[in-house]
Amino acid sequence: MINLVLFGPPGAGKGTQSEKLIQKYGFVHISTGDLFRWHTKNDTPLGKRVKEIMNSGALVPDEITIAMLKEELDKNPQAKGFLFDGFPRTVPQAEALDAFMKANGSAIHHVIALNVTEEEVRTRIAKRRTIENRADDEEEKLNKRITEYFTKTIHVLPHYEKQGRLNTVEGVGNIEDIFKNICILINK
Ligand code: AMP
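The structure presented is a predicted model; accordingly, all values stated were derived computationally and were not measured.

Draft legend 1. Fine view of the site of the ligand. Around the ligand sit 16 residues, and of these Thr32, Arg37, Ala58, Gly86 and Gln93 come closest. At 2.6 Å from an oxygen atom of the ligand is found a main-chain nitrogen or oxygen belonging to Ala58. Taking Val60, its main chain carries an N or O atom lying 3.0 Å from a nitrogen atom of the ligand. Looking at which element gives the most residues to the shell around the ligand, the answer is helix H2 (residues 32-41), with four residues. Among the residues forming the shell around the ligand, the class breakdown is six nonpolar, five polar and five charged.

Draft legend 2. Representation of the sheet that holds strand E1 (residues 4-7) in the model. A sheet is described by the order of its strands in space; here five strands give the open sequence E2-E3-E1-E4-E5, paired in parallel fashion. Where the open sheet ends on each side, the last strands, each with one partner, are strand E2 (28-31) and strand E5 (166-170). Neighbour to neighbour, the strand axes of the sheet diverge by 20° on average, direction disregarded.

Draft legend 3. Fine view of helix H3 (residues 45-56). Every buried residue of H3 is accounted for by Leu46, Gly47, Val50 and Met54. One side of H3 holds all its buried residues, which, seen down the axis, span an arc of 90°. In H3, the exposed positions angled more than 90 degrees off the buried face are occupied by Pro45, Lys48, Arg49 and Glu52. Residues of H3 that are buried in the fold lie against H2 and helix H4 (62-74). Directly beyond the C-terminal end of H3, a positive phi value near 90° is found at Gly57.

Draft legend 4. Just the pairing of strand E3 (residues 82-85), in detail. The alternating pattern of E3 places Phe82 and Phe84 on one face and Leu83 and Asp85 on the opposite face, and all of these are buried. In terms of strand pairing, E1 meets E3 through three bridges, oriented parallel. Paired with Leu6 across the bridge in E3 is Asp85. As judged from the four bridges shared by E2 and E3, these two strands associate in the parallel manner. Pairing of Ser31 across the sheet is with Asp85, part of E3.

Draft legend 5. Region of interest: unusual backbone geometry. Cis geometry marks the peptide bond from Phe87 to Pro88, where omega comes out at 0°. Relative to the assigned elements, Pro88 resides in the loop between E3 and helix H5 (91-103). Even without a glycine there, the phi angle at Asp43 is positive, about 55°. The residue Asp43 is located in the loop between H2 and H3 in this model. What makes Asp43 partly exposed here is its relative accessible area of 43%.

Cut-off values and rules
Residues numbered from 1 in each chain as written. Predicted model: local features only at pLDDT ≥ 70, side-chain atom pairs only at ≥ 80, totals over all residues. Heavy atoms only, no water. Near = heavy atom within 4 Å. Polar contact = N/O pair within 3.5 Å; in protein donor to acceptor, adjacent residues only side chain to side chain. Helix = DSSP H or I, 4+ residues; strand = E, 2+ residues; numbered from the N terminus. Nonpolar A, V, L, I, M, F, W, Y, C, P; charged D, E, K, R; others polar. Pairing = 2+ DSSP bridges. Axes fitted to C-alpha atoms, helices over the stretch in contact; angles between N-to-C directions. Buried < 20%, exposed > 50% of the residue type's maximum accessible area, 1.4 Å probe, protein only. Arc of directions from axis to C-beta. Contact = heavy atoms within 4.5 Å.

And the structure:
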């Protein structure tokens with residue numbers, strides 16, 4: 001069983017690479033962004049709580065995010081391995097994830113950070129905005145999301161670096177080449 005965290009700023013290609021990794025390795029995909037979007041779309045009590053926060057581009061409070069993640073883990077006791085996409089985004093989230101994994105006799109084996117410049121991310125999201133029409137891709141909200149990444153989420157990297165689990169993959173270029181480089185790290 002391998003558990004993987006795919007890390008990177010909004011628009012780094014985490015969604016695209018996740019799909020390919022799931023196909024190849026059979027991971028259970030846990031994307032907290034997708035889960036929150038499901039809740040807001042279906043107007044659940046959780047969705048109602050997070051809708052405004054998400055639309056502003058801010059991070060949902062840790063307490064809510066960690067509880068939702070735990071529920072998702074508990075739904076999949078037979079998972080061959082998890083691929084975490086968009087989680088953890090803060091150090092308390094990373095610590096909670098370590099604790100959940102440890103409680104199940106497991107661990108996060110690989111953290112793969114997609115290295116993409118801020119400029120590239122902005123170009124990609126502008127393109128995605130025209131295709132997916134995501135409310136949080138609008139420019140002002142995007143600025144907030146990028147700020148959240150560079151002020152809060154980036155601090156998760158040293159957490160995993162200290163554990164010797166962090167690897168970086170160049171996230172600009174051909175999708176297949178990026179995928180190959182991720183697979184090399186997983187198969188090491
Ligand atoms: P994403 O699709 O991963 O970019 O997530 C979309 C939005 O969902 C983010 O801008 C946050 O508002 C919220 N979100 C997703 N994952 C997290 C997380 N791990 N911690 C806090 N907020 C999150």
